[in-house]
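# Summary of the model geometry
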Amino acid sequence: MYSIIVPVYNRPDEVKDLLESLQEQTDNDFEIILVEDGSTIPALPDNYDAGSLRLKYYKKSNEGRSIARNYGIERAEGDFFIFVDSDCILPPDYIEQLKRSREENPADCFGGPDAAHDSFTDTQKAINYAMTAFLTTGGIRGGKVSMEKFTPRTFNMGFSRAVYEKTGGFREMFSEDIDMSTRIRLNGFSITLYPDVKVFHKRRVDMKKFWKQVHVFGQSRITLELLYPGSMKLVHWLPAVFTIGAALLIIGSFFWHWLIIPLLIYLIALWIGGLMTTRSVKIATQGVGAAMVQLVGYGTGFIKAYVTKIIFRKGRDEAKEREIRKGENEGL
């Protein structure tokens, strides 16, 4: 049996959509463990009817999403744990596809891609395009082609009980899924991508929240490098390089107009890619804006943390300890 573990913080509407998608699974060999991490708005009413779902609903004080996931693992009955975010919707054949993929390609840990559901808003679809396009992330978020070794993310990730017993589970920090995946590999376990085991991920609902999220991602990449020296690859530098390069091209274009052409070519390529992916002029256009928010937001966070922690060596040890101890609850 599989145990689907979901930490949640003040997202009752999204939890409702997630549970409805789980009720429609073609294979019901799973239990759901919903961990309310100090929410002020309960995800489920006291009289909630779970129907045929094997649902365990726990409420605890607010300590962070990683601790909530570990809390759920400790109360799980399955031998294999699946982690999805509360803002996800699972296709009806999710469990069926997972079983088939594990039979064809057994692994101790897996990750799957995410996509935009037809019911999502245009902004959510645009953000999804920005987060999954090769031209923005290099394929590191679950694509078939990647510039970096595949790293599962907790919006669609799973591992065996043996992995948990060996690693001790998630640590409360930013980018906890990358940290967890790194420790899984270091402990000799296998990790693979199951491209057919996808989820529909709502992500952020507006650009302001999206900016804040990716800015933190950029900062946390430096902390991960401090925790695991040598883990930072070329692809992690690209948003910072883009941010600096784009700024220089824009400034230089005031003196020599042709300098803006490389940036325009990139934006046009993004737009064409978005149009081919989404089949919508509006979403493709918004997708270009979302891509700029993603790249510049991540890039500025990366640059800020690199200058502070790497160059000036300020708060290096404190930052590592703080990341491990605390993290934050946004994005559960």
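Just above, that's the structure.
Bear in mind the structure is a predicted one, so any value in this text is a computation, not a measurement.

Under the definition given, this model contains 19 salt bridges. One salt bridge in this structure joins aspartate 179 and arginine 171, with 2.7 Å as the shortest N-O distance. Using a relative accessible area of 0% as the deciding quantity, one classes aspartate 179 as buried. Three or more residues are tied together by salt bridges with common partners; here these are Arg65, Arg69, Asp85 and Glu176.

Attention now moves to the environment of lysine 149. Secondary-structure assignment places lysine 149 in the loop between helix H5 (134-137) and strand E8 (157-160). Sequence separation between lysine 149 and glycine 169 is 20 residues, and the spatial gap between their C-alpha atoms is 21 Å.

A few words on the packing of helix H10 (residues 261-278) against helix H11 (residues 281-311). How two helices sit against one another is set out by the angle between their axes and by the gap between those axes. Relative orientation of the contacting elements H10 and H11 amounts to 130°, with a least axis distance of 8 Å. As summarised for this structure, H10 and H11 are arranged oblique, according to the angle between their axes. In this structure, H10 crosses over H11, and the sense of that crossing is right-handed. Seen from H10, the contacting residues are Tyr266, Leu267, Leu270, Trp271, Gly274, Leu275 and Thr278; seen from H11, they are Val281, Ile283, Ala284, Thr285, Val288, Ala291, Met292 and Leu295.

Counting buried residues along strand E1 (residues 2-8), 7 of its 7 residues qualify, which places the element largely inside the surrounding structure. Side chains of E1 alternate between two faces, with Tyr2, Ile4, Val6 and Val8 and Ser3, Ile5 and Pro7 buried alike. Inspection of the sheet shows E1 paired to strand E2 (residues 30-37) by 7 bridges, in the parallel sense. Across the sheet, residue isoleucine 4 finds its bridge partner in E2, namely isoleucine 32. Each parallel crossover has a hand, and for E1 linked through helix H1 (residues 12-23) to E2 it is right-handed. Of the pairings in the sheet, the one linking E1 to strand E4 (residues 80-83) comprises 4 bridges and is parallel in character. Bridge pairing in E4 places isoleucine 4 opposite isoleucine 82.

The subject of this paragraph is the packing of helix H4 (residues 122-132) against helix H8 (residues 207-227). Following both chains from N to C, one finds H4 and H8 inclined at 20°, their axes separated by 11 Å at the closest point. Overall, the two elements H4 and H8 adopt an arrangement that is roughly parallel. At the point where H4 passes H8, the crossing takes the right-handed sense. Residue-level contacts link Thr123, Ile127 and Met131 of H4 to Met207, Phe210, Val214 and Phe217 of H8.

Our next topic: the sheet that holds E1. Here 7 strands make up an open sheet; going across it, the order is E3-E2-E1-E4-E8-E6-E9 and the pairing mixed. Each edge of the open sheet is held by one strand with a lone partner, namely strand E3 (55-60) and strand E9 (191-193). Taken over all neighbouring pairs, the strand axes of this sheet differ in orientation by 20° on average, direction set aside. For strand E6 (residues 109-111) and E9, the ladder comprises 3 bridges, and the chain directions are parallel. Its bridge partner lying in E9, cysteine 109 is registered against isoleucine 191. Lying over the sheet, H1 contacts E1, E2 and E3, oriented at roughly 175° with respect to E2. The strands touched by helix H3 (residues 94-104) are E1, E2, E4 and E6; relative to E1, the strand with the most contacts, the crossing angle is about 125°.

Bringing a nonpolar patch on the surface into the picture now. On the surface, Ile250, Ile251, Phe254, Phe255, Trp256, Trp258, Ile261 and Ile265 cluster together to form a nonpolar patch covering roughly 980 Å² of accessible area. Of all the secondary-structure elements, those providing two or more residues to the nonpolar patch are helix H9 (234-253) and H10. Within the element layout of this structure, isoleucine 251 appears in helix H9.

Criteria and cut-off values
Residues numbered from 1 in each chain as written. Predicted model: local features only at pLDDT ≥ 70, side-chain atom pairs only at ≥ 80, totals over all residues. Heavy atoms only, no water. Salt bridge = Lys/Arg side-chain N within 4 Å of Asp/Glu carboxyl O. Buried < 20%, exposed > 50% of the residue type's maximum accessible area, 1.4 Å probe, protein only. Helix = DSSP H or I, 4+ residues; strand = E, 2+ residues; numbered from the N terminus. Axes fitted to C-alpha atoms, helices over the stretch in contact; angles between N-to-C directions. Parallel < 35°, antiparallel > 145°, perpendicular 65-115°, else oblique. Left-handed = near helix turned anticlockwise from the far one by under 90°. Contact = heavy atoms within 4.5 Å. Pairing = 2+ DSSP bridges. Right-handed = clockwise from strand over helix to strand, strands pointing away. Patch = residues over 30% accessible without salt bridge, like charges linked within 9 Å, V, L, I, M, F, W, Y side chains within 5 Å. Areas by Shrake-Rupley, 256 points an atom, 1.4 Å probe, with all protein chains shown as cover.

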